[in-house]
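Reading the structure
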Amino acid sequence: MEASHSPLAPSNNDAQLPDQPPAPAGGTGQSGLDLTQASRSIVEATKDSDHTSAPGPRPQEFGRVAILGLRPNHEGGIFPARVELGEVFRVSAQVLMEGRPQVGATAVLYDPAGGRSQTIPMTCTSPGLDLWEARLQAGQHSEIRPWEVGFASRVMPQLGQWTVQIEGWEDNYLTWLHDARIKVEVGDDLENALRSGAELCERWVAQGQATQAQSTSTNPLTQAEVTLLKSAICTLSDGSLAPQARLEGADNPLIRQLHQSKPLREGLSLSRPLAFKVERPKSSFVSWYQFFPRSEGAQRNPTSGRIVPGTLRSSISGLERAAAEGFDMVYLPPIFPIGISHRKGKDNSLTAGPEDPGSPFAIGSQLGGHDTVDPALGTMEDFKVLCAKAHELGLEIALDFALQCSPDHPWVREHPNWFHHKPDGSIAFAENPPKKYQDIYPIDFEADMPGIEREVERILELWIEAGVTAFRVDNPHTKPVRFWQEVIAHTQSRHPEVLFLAEAFTRPALVRALSLAGFTQTHCYFPWRNSKAELEEYLVTTNSDEAYYQHNSFWPTTPDILTAYLRDNGVAGHAVRAVLAALGSPSWGIYNGYELIENQQKAGSEEQADNEKYEIKVRDWGQTGRYGIADLLTSLNTIRREHPACGSYHNLSILESDDPNILAFARHTPAELTPSGRADTLIVLVNLDGRQAHQATVNLEAAGLPGEGPFALRDELTGQVQEWEARQAVSLDPWSRVAWVLSVVHESDGPAAR
């Protein structure tokens, strides 16, 4: 494409590092730089605090402490990791030195303005691998929607590129303490060991005072802490005391607590920066609800028997149902005029009857194209009224964007070069032999990609102005990745709040490329992961470091997908898949009719029979009470809203269970990263068998529960509270309880909670 048209970084410059955050005092912030080469004379360093440092070592050079293997990291750091505002995420690195000296590490999070937002001590989770980890949180979670007052002033400034940098240092206090304890115990070289401790404390005081003098963002020592260290120096130096008493001057709870909060950091070294793209609320933690406007409010004429289609105005009932069930985002299939030529009939038959409405994915007629509301549904004003009503109900509107045309689309006349032509000069319809789609013309992007891009951006802008805040893109994997990268970048440069969901059922590498190109979320193969082993693997993959770049959205069904599992397992199967979808991924979605157990397959395929893509459905929503699935969906969305642990792609653990039909997993967010200041743990146990009861012993030790048990746990689906052991026997059956969804009852909840 034309270079002047692209907002993206030049392709020959892609590998450059992001802008560096402000460096802590004494350094430049360059990767691998030893910030305090003379930290033992740190007071002298403060005399030169006004000096502007020259550029530090190149990124491949080590500091005094080596920092390797930063995660998350993909494609050499070219693409930033992505998290939602307020989402808890994890960073890790290998932090090490030669020989025996111990090291410490801190993760520092910088906001888009370069300010230090969080400074979190890292934990060594694998000493043999020198692996250190920390959990961080970029900004505060918000429920403010793009159209609401406060979004521009409170949410927008927090969006954009944040940066994490790992600080590693020699932990000379711990190294000294380990050796000094042994020497005091055996009486070896006592004077040198204790004097070394006193000198270490002197450097600790000097470092804390130098930090204060330089007015850096690192916490300086308070006067009380300085006094504590000076007392330790006196005790360590007092030859009249017994060696153990001298050692205890620097080996006591107060000094160890100070070491945790404000350690002596010598040989301070920085990693290269890790870039994170922080996106707006609902960019990853969102619940989708899909319905067809032409079916919503549709009725059958009692006299003629003909179906009277629904409209955009009658679709308000669908909004109200989605809101009542607790969903966030209503997704509408295409609402544009439908072509006449080669219109498909019932269940994708090649011959349409006079009453067949055609597929809304065969876009365009003499009435207009992608920028026009189908007159059968209403007007653009009707659509704006629908969006306004959705916003009033707290819902966002997502619109399908299928970049394809019917033979009757205005583009066919106005831009015939935008389509593939056969040797005989005719335009080629879509096909995937032996399948043929005569009612659809695919786009030829090689002909005029800049022109197609400008037209697509114009159309997206029109619908955004009408109230759309998300687009579900149909089959984006059949269009150039670079095209979507350009379109999304341009659109989000004007509207950072706009989200893109990819319906890309294709090869993993291509799905990943689309995610890196800018798609906020993606449909995935969750519907076909049904066994315990398959689900455990898929849950771990979806909720791993992979999710920093690809946000899988779990949908049990779509108009195109109805699996054998749902066909064969009835109400229990629908309940199981809803629990797994809602709690297995921060993003999940439901296609309406799920509440009515619409599970009839088209013969010979895993698709819906009487597919709504080709006909208008008349549903009796008064029948939902027969099944209880609507109530379950409502409960699941309530659980998701009330438990912060549900809002992250990076906190899921598989729990051991000894029955092949009982799947167990947990989500855990530590206390320091929840609004309440209390750890949030959610444990999910599901019986995957929709026909038989099963029993198992489940090991809860990896769930993040406090202590060793027993634990007071509340079933979030029923409100029932029970005491569970760390290894608990459970029973689940398909007729009364297919799942447990458990949370910890805290002492502060009071006796009423029990």
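Our subject is the structure listed above.
An account of the accompanying structure is given in this report. All of these numbers come straight from a predicted model, not from anything done at the bench. (Residues numbered from 1 in each chain as written. Predicted model: local features only at pLDDT ≥ 70, side-chain atom pairs only at ≥ 80, totals over all residues. Heavy atoms only, no water.)

Each helix and strand counted, the protein chain has 16 helices and 31 strands in total. Looking at the 754 residues of the protein chain, the share that counts as buried comes to 56%. Excluding contacts between residues fewer than 6 apart, the proportion of contacts in the protein chain whose partners are at least 24 apart in sequence is 77%. For the protein chain, the exposed area adds up to about 31,300 Å²; of that, 50% sits on carbon and sulfur atoms. (Helix = DSSP H or I, 4+ residues; strand = E, 2+ residues; numbered from the N terminus. Buried < 20%, exposed > 50% of the residue type's maximum accessible area, 1.4 Å probe, protein only. Contact = heavy atoms within 4.5 Å. Areas by Shrake-Rupley, 256 points an atom, 1.4 Å probe, with all protein chains shown as cover.)

According to the stated counting rule, one finds 24 aromatic pairs in the structure shown. Taken together, the ring pairs in this structure connect Phe-445, Phe-471, Phe-483, Trp-484, Phe-500 and Phe-519 into an aromatic cluster. Sitting over the ring of Trp-621, Arg-321 keeps its end group 3.7 Å from the ring centre. (Phe/Tyr/Trp six-rings, centres within 6.5 Å; stacked < 30°, edge-to-face > 60°. Lys NZ or Arg CZ within 6 Å of the ring centre and 35° of its normal.)

This next bit is on helix H14 (residues 532–542). Listed in full, the buried residues belonging to H14 are Lys-532, Leu-535, Tyr-538, Leu-539 and Thr-542. For H14, the angular spread of the buried residues around the axis is 135 degrees, confining them to a single face. Opposite the buried face of H14, by more than 90 degrees, sit the exposed residues Ala-533 and Glu-537. In this structure, the buried residues of H14 make contact with strand E21 (552–554), helix H15 (564–584), strand E23 (652–654), strand E24 (656–657) and strand E25 (662–669). (Arc of directions from axis to C-beta.)

Here H15 contains 21 residues, and its C-alpha end-to-end distance of 20 Å is more than 12% below the 30 Å for a straight helix at 1.5 Å per residue. At Gly-570, H15 shows its largest kink, close to 135 degrees. Where burial is concerned, most of H15 is hidden: 16 out of the 21 residues are buried. (Expected span 1.5 Å × (residues − 1). Bend = angle between axes of the 7 residues up to and from the residue.)

Geometry only, nothing functional implied.
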